[in-house]
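Take a look at the letters that make up each chain.
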Amino acid sequence: IGCEDGSVKIFQVVPGGIQFERNLDRRKGRVLCLSWHPSDTHIVAGSIDFFRVIDVTSGQTVQRIMVNHHVEKAKHECVVWAIALLSRGTVVSADSFGRVQFWDWEQGTLAESHTVSTSAALSLAVSEKEDSIVVGTSTGATYQLQLLPVKLGGLEKRWVRTKPFQYHSHDVRAVAHSPTALISGGLDAQLVIRPLMEKIQKKGYDAALRKFTFPHRRLVSCARKAQLLLFQFSQHLELWRLGSTEETGKDGEVLPLCRMPEHLVQLKSKGPEHIYCSCVSPCGTWVGYSTASRFQLYRVHCDGDGVSLRKVPKTPKLLPPAYQLQFSADSSSLFVASARGSVHVLQLLEPGGCKHLHTLRPPSGCSEAVYLLAPSADGHWLAAVSGDWAIHIYNLKCFKHHCVVPTYDCAVSALAIHPSTNNLVIAYSDQQLFEFSIPEKQYTGWSRAVQSRGLHRAWLERDSPITHITFNPKNPAHILLHDTYLLCVLDKSLPLPDDSTLLMNQSTLKQLPETARKRQLHAFKICKKFQPLLFMDLLDENCLVVVERPIMDFKTQLPLPVQQKKFGT
């Protein structure tokens, strides 16, 4: 860890945290960036106007290099924002002058210098083979530099700036280099994955450019019976009552409201910690949330037009943090997903208390955090997904482990248990869909048919994972899913489309006569009207609630990007 006072501290990683080991050589000047040598023998620390190389064994600085020694009378200080120490002894620095420089640290000499930007170069990452570097800048541009032969077939190699990418509007503060892609994180709240096409063998999931703006976890929860929505912000929660209408209309019409949406209460979290997860009970009378160190439970009281919150005293002392909170369908229990692979079951008591009933643990003794929960509507089953991607099914009547869903080599992005069949529907990060029968402990016939036939290519190449699944109680064959860009009704009673069929064919079908329409019907009914889509759920058989979060809402709150002079202005 590099500190503001110029010291570098070594910590030992131990079970449950880190433990201070020793201080390395302290020098004047803030430490702004660090990098280990791949063999762990040296550390390079970047500061203002210089960087230094420290021998880890002796703890002493073995080389100190001024990054501006070759510039006559530099008017401004040069901030070394990012640094890397390669296995062959080369130090790569990125600085506030927009330069990426390559140094021989043993000789203390500059080998190569590339000015990639007119403003600061803020971040850099090196590929595993050390033949490619990605650099992020304050203009929002990212650049790739590659180590290429000077002559075709020759042994001499030089670093060449090969590819500029402009996917961000603000500072690119973080970059990473995977074997097949360049990854960048910007101050514009976007994570961008740019595939390196020369590293990808075939077109598919890995070949698509991906932009992520929102977290792939639930930030909105719904109290269906009470028609309330709970919104999770970084350090507070907001509880809203949905508006209503008594009018009816045609498809696409906007109906006038007889009751406007109402902001009922705001609940602020104490201290600087961000809220990790939250949930409101289906009946709307309980609200729970967790930070990194505290779990809190509140009772909601509605008195006429007024709403009050009362903190539940003496909640069970659970090991924080809770990674997911989920109430049972009848609001009698609360499931708390722990960071240690277990799920705590709390019984909710009238008029406002709770007690610890049981802790569900996987038989494998997995200690990975549980990050997704799905209880069944009849209160009989609970599905829990842990960080090792295993899906464990628990019997809530006897509090015993029931089975494990067959392992799949991708992360689970959403899951839900069907209210009438107790079939578990699972969406994976590679866009595959599975249906698992909990009572029979096996995949259903429909799920096997999907896997043997394959899903539509346009569905598999989507760049946003499914984040929520729900069901239509009026029609058991319907599965409702959504990601950031689309809402989908999957009708299991209809055939799956093949790649020659148009996946989004709703507008086309409306123009066809009845007989032709029936011939072209397929299982996927997709709507892209609502974007970006944060949340979707059925309130009842005839009412669907959808939450959008327009990107411009928070882009207008960002600081101005670096102003660039445009020719002719």
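Residues numbered from 1 in each chain as written. Predicted model: local features only at pLDDT ≥ 70, side-chain atom pairs only at ≥ 80, totals over all residues. Heavy atoms only, no water.

1. Re the nonpolar core
Going by this rule: We define a nonpolar core as any set of buried Ala, Val, Leu, Ile, Met, Phe, Trp, Tyr and Cys residues linked to one another through side-chain atoms lying within 4.5 Å. Each residue's exposure class comes from its accessible area (1.4 Å probe, protein chains only) as a fraction of the maximum for that residue type: buried when under 20%, exposed when over 50%, partly exposed otherwise. Numbering of helices and strands runs from the N terminus; a helix is a DSSP stretch of H or I covering at least four residues, while a strand is a stretch of E covering at least two. Between two residues, a contact is recorded if the distance between any of their heavy atoms is within 4.5 Å.
By size, the foremost hydrophobic cluster in this structure holds 22 residues, and its most contacted members are Trp-459, Ile-469, Leu-481, Leu-490 and Phe-524. At the level of elements, strand E35 (412–417), strand E36 (423–428), helix H1 (445–453), strand E39 (468–471), strand E40 (478–482), strand E41 (487–491) and strand E42 (524–527) are the ones that each hand at least two residues to this core. If we ignore the near neighbours within four places in the chain, the residues touching Trp-459 are Gln-431, Leu-433, Ile-466, Leu-486, Cys-488, Leu-503, Phe-524 and Ile-526. In this structure, Leu-372, Cys-403, Ile-426 and Tyr-443 belong to the second largest nonpolar core, which totals 20 residues.

2. Some points on the domain arrangement of the protein
Definition in use: Each domain's limits were defined by an automated method or a database of domain assignments. What counts as buried area is the accessible surface, traced by a 1.4 Å probe, that two parts surrender upon association, with contributions from both included. Here, a salt bridge means any side-chain nitrogen of Lys or Arg that lies within 4 Å of a carboxyl oxygen of Asp or Glu. Within 3.5 Å is the distance limit for a polar contact, defined as a pair of N or O atoms, with the added protein rule that one can donate a hydrogen and the other accept it, and that residues adjacent in sequence qualify only through two side-chain atoms. Side-chain classes are defined by residue name, with Ala, Val, Leu, Ile, Met, Phe, Trp, Tyr, Cys and Pro counting as nonpolar, Asp, Glu, Lys and Arg as charged, and the others, Gly among them, as polar.
Assigned domains of the protein: these are domain 1 (8–212), domain 2 (215–245 + 257–405) and domain 3 (410–562). For domain 2 and domain 3, the distance between their C-alpha centres works out to 24 Å. Each partner contributes residues to the interface: domain 2 has 25 residues there, and domain 3 has 28 residues. Between domain 2 and domain 3, the buried area comes to about 2,300 Å², and carbon and sulfur atoms account for 73% of it. Counting the contacts that link domain 2 with domain 3 gives one salt bridge. When the shortest N-O distance is used, the salt bridge between Arg-224 and Asp-537 registers 2.9 Å. Between the two partners, domain 2 and domain 3, sit six residue pairs in polar contact (both at pLDDT 80 or more). Elements with a contribution of two residues or more to the side of domain 2 that touches domain 3: strand E19 (220–223), strand E20 (228–232), strand E31 (370–375), strand E32 (381–386), strand E33 (391–395) and strand E34 (400–404). For the side of domain 2 that touches domain 3, the leading source of residues is E31, giving four residues. Residues of the side of domain 2 that touches domain 3, tallied by class, amount to 18 nonpolar, five polar and two charged.

3. Examining the pattern of salt bridges
By the definition in use, this model includes 14 salt bridges. Between Glu-21 and Arg-22 there is a salt bridge, with its nearest N and O atoms 3.7 Å apart. A relative accessible area of 26% places Arg-22 in the partly exposed class. For the salt bridge of Glu-350 with Arg-299, the shortest nitrogen-to-oxygen distance reads 2.8 Å. Of this pair, Glu-350 sits in the loop between strand E29 (343–349) and strand E30 (353–360) while Arg-299 sits in strand E25 (residues 295–303), placing them 51 residues apart in sequence. In this structure Arg-299 comes out as buried when scored by relative accessible area, which is 8%.

4. Section: the environment of Leu-219
Structurally, the position occupied by Leu-219 is in the loop between strand E18 (210–212) and E19. The exposure class of Leu-219 is buried, given its relative accessible area of 18%. Once residues within four sequence positions are removed from consideration, Leu-219 is found in contact with Leu-230, Phe-231 and Gln-232.

5. Overview of H1
Put simply, the rule is: Taken from the helix axis, the directions to the C-beta atoms give the arc we talk about.
Within H1 the residues assigned to the buried category are Trp-446, Ser-447 and Val-450. For H1, the arc enclosing every buried residue in end-on projection is 100 degrees, short of the 170-degree limit, so these residues lie on one face. Turned more than 90 degrees off the buried face of H1, the exposed positions are Gly-445 and Ser-452. Buried residues along H1 sit in contact with strand E37 (433–437), strand E38 (442–443) and E41.

6. Looking at the pairing of E36
As a general feature of sheets, a regular strand has side chains that alternate between the two faces. The condition that has to hold: Two strands qualify as a pair provided DSSP detects at least 2 bridges between them.
Burial analysis of E36 places six of its six residues in the buried class, the great majority of the element. What you see with E36 is no split at all: Asn-423, Val-425 and Ala-427 on one side and Leu-424, Ile-426 and Tyr-428 on the other are buried throughout. Sheet topology note: the E35/E36 ladder contains five bridges and is antiparallel. Following the sheet pairing, Ala-416 is matched in E36 by Val-425. Hairpin connection from E35 to E36: five residues lie between these consecutive antiparallel strands, with Asn-422 at a positive phi of about 60 degrees. Across five bridges, the pairing between E36 and E37 is antiparallel. Opposite Asn-423, over in E37, you have Ser-437 as the bridge partner. Count of turn residues in the E36/E37 antiparallel hairpin: four residues, of which Gln-431 carries a positive phi of about 80 degrees.

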